[in-house]
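Chain and residue survey
Here's the letter readout for the chains.
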Amino acid sequence: MMEGMGDVHDNARDAFDDALAGARVHVTAGNPDIAVTVTVPVDGGTFGRLTERAEREGRDIEQVAADALRAAAA
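The structure contained in this document is the topic of the report that follows. All values derive from a computational prediction rather than experimental measurement.

1. Describing the pattern of salt bridges
In total, this model carries four salt bridges according to the counting rule given. Put simply, E57 and R53 hold a salt bridge, and the shortest N to O gap is 3.1 Å. Taken together, the residues E57 and R53, both in helix 2 (residues 44–57) and four residues apart, mark about one turn of the helix. D67 is paired through a salt bridge with R59; the nearest N and O atoms lie 2.6 Å apart. Via salt bridges that share partners, R53, E57, R59, D67 and R70 belong to a single interconnected network.

2. Focus on helix 3 (residues 61–73)
With 13 residues, helix 3 ought to run about 18 Å at 1.5 Å a step, and its terminal C-alpha atoms sit 18 Å apart, in line with that. For helix 3, the set of buried residues is V64, A68 and A72. The buried residues of helix 3 all sit within an arc of 75 degrees when viewed along its axis, so they share a single face. For helix 3, the exposed residues lying more than 90 degrees away from the buried face are E62, R70 and A73.

Rules and cut-offs
Residues numbered from 1 in each chain as written. Predicted model: local features only at pLDDT ≥ 70, side-chain atom pairs only at ≥ 80, totals over all residues. Heavy atoms only, no water. Salt bridge = Lys/Arg side-chain N within 4 Å of Asp/Glu carboxyl O. Helix = DSSP H or I, 4+ residues; strand = E, 2+ residues; numbered from the N terminus. Expected span 1.5 Å × (residues − 1). Buried < 20%, exposed > 50% of the residue type's maximum accessible area, 1.4 Å probe, protein only. Arc of directions from axis to C-beta.

Okay, here's the thing in structure tokens:
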């Protein structure tokens, strides 16, 4: 679904919109600590590129994925 999303500058401005359209959000009601889980479908190729970027930059994949999602939402 997100094939070819390696560099944000090589894609349409709204390239992540279709990918995020399938996101599911779950909020646990009644909990003073709000817990939100967002599920975003990512194909193997995109995940591989994010993993390579994380290794190259010496960061956790979670940080790199979060950065990609923040950039897509901006």
